[in-house]
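# Commentary on secondary and tertiary structure
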Amino acid sequence: MLVNMLVPVLAVLLSVLASYNFKWWTAPVFTFITYVGFQLIADLYTFGVASLFGIIGANWLHITVLIIFATAIRFAVTNFEKRKTKIIYVTGMVFVLAMFDLIAQAQTMTFGELVDEELSPTLSEITILDERLREDIVIDDEETIHQILNDYSDMTLRSGVGARVSYRDAITIETLRRGGGSTRMWIGESGIRLSLNHVYRVEDHNELYDFLHEIMEEELE
């Protein structure tokens with residue numbers, strides 16, 4: 001959690017410092033480049049692959065907040081004459097930014113709550129989609145569906161900062177969405193993704209991923 005908090009703070013401070021001899025608007029631009037760059041490097045290191053648009057889509061709100069903080073800090077550095085005033089202002093902004101990240105990382109929910117919010121309560125079919133399979137696996141057995149939706153309902157998920165799911169390694173399932181229509185869910189070893197803006201990090205071991213992987217392995221045999 002501490003590392004995830006330091007990344008946005010460093011992205012803002014380094015960007016403000018880099019923009020000091022340029023126009024004010026370079027601070028938010030550098031912040032965008034620095035933060036997204038950090039995330040790309042982290043994804044490449046963790047998963048061996050990274051998606052620029054995926055990172056932007058999953059973190060657009062966080063990026064917007066960082067840009068606002070970078071602009072505000074750059075304003076203080078440029079316009080406040082007294083050094084003491086600059087130090088107090090910048091320190092205060094960094095503290096608020098750190099608190100924002102701590103609050104964002106503190107937001108948790110269970111997999112059961114996610115199912116209740118996003119999936120149809122009358123779900124009768126789950127399809128596993130994967131390029132490695134000879135054909136899609138259609139699960140319509142009530143016991144297996146119950147196991148997927150309920151046996152892992154206590155699994156803790158954390159939204160926002162630090163949540164990443166690699167499309168390449170994730171298991172893709174397609175289900176009915178609450179309110180009608182279908183939705184896809186990507187289940188990775190360390191996270192779950194419903195869309196670009198709904199990504200959750202699994203706090204402990206992702207046993208659901210293991211269970212789905214076993215089903216796939218049986219199909220591939």
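Rules used in this analysis
- What you see as residue numbers is a count from 1 along each chain, following the sequence as written.
- Per-residue local features are limited, in this predicted model, to residues with pLDDT of at least 70; the limit for side-chain atom pairs, both in listing and counting, is 80 or more; totals at the level of whole chains, interfaces and linings are taken over all residues.
- No hydrogens and no water enter the side-chain calculation; it runs on all heavy atoms of the structure.
- Helix and strand definitions follow DSSP, with helices as H or I runs of at least four residues and strands as E runs of at least two, each counted in order from the N terminus.
- Each residue gets one of three labels from its accessible area relative to the maximum for its type: buried under 20%, exposed over 50%, partly exposed in between, using a 1.4 Å probe on protein chains only.
- For the accessible areas, the method is Shrake-Rupley and the probe is 1.4 Å, while residue cover comes only from the protein chains on display.
- Here, nonpolar core refers to any group of buried Ala, Val, Leu, Ile, Met, Phe, Trp, Tyr and Cys residues whose side-chain atoms link them within 4.5 Å.
- Any two residues having at least one pair of non-hydrogen atoms within 4.5 Å are treated as being in contact.
- Centres within 6.5 Å are what make two rings of Phe, Tyr or Trp a pair, Trp counting through its six-membered ring; a difference in plane orientation under 30 degrees is then read as stacked, over 60 as edge-to-face, and the rest as tilted.
- Arc definition: directions from the helix axis to the C-beta atoms.

## Examining the overall build of the chain
When its secondary structure is counted, the chain shows 7 helices and 8 strands. Here the chain, with 221 residues, has 44% of them falling under the buried criterion. For the chain, the exposed area adds up to about 12,500 Å²; of that, 59% sits on carbon and sulfur atoms.

## Section: the nonpolar core
Grouped together as the largest cluster of nonpolar side chains are 31 residues, with contacts concentrated most on Phe111, Ile128, Leu157, Ile192 and Leu212. A total of 6 residues in this core trace back to one element, the largest contributor, which is helix H7 (residues 207–220). With residues near it in sequence (within four places) discarded, Leu212 still touches Ile128, Ile148, Ile171, Ile173 and Ile187. Membership of the second largest hydrophobic core comes to 19 residues, among which are Ala11, Val12, Phe69 and Met93.

## Thoughts on the packing of aromatic side chains
Applying the stated rule across the entire model yields 2 aromatic pairs. A ring pair is formed by Phe22 and Phe30, whose centres lie 6.3 Å apart and whose planes are at 80°; its orientation type is edge-to-face. Owing to a relative accessible area of 26%, Phe30 belongs among the partly exposed residues under this scheme. Here the aromatic rings of Tyr152 and Phe211 are separated by 6.0 Å at their centres, their planes lie at 40°, and the arrangement is tilted. In this pair, Tyr152 sits in the loop between helix H6 (142–150) and strand S4 (156–159) while Phe211 sits in helix H7, placing the two residues 59 residues apart along the sequence.

## Examining the environment of Thr71
On the secondary structure map, Thr71 appears in helix H3 (residues 52–79). For Thr71, a relative accessible area of 27% puts it in the partly exposed group. Through-space distance from the C-alpha of Thr71 to that of Val29 is 9.6 Å; in sequence the pair is 42 residues apart.

## Focus: H6
Every α-helix carries 3.6 residues per turn, so stepping three or four residues along brings you back to the same face. Here H6 has its buried residues at Thr144, Ile145, Ile148 and Leu149. In an axial view of H6, the angular spread of the buried residues amounts to 125°, which keeps them on one side of the axis. Counted as exposed and oriented over 90 degrees from the buried face of H6: Glu142 and Glu143.

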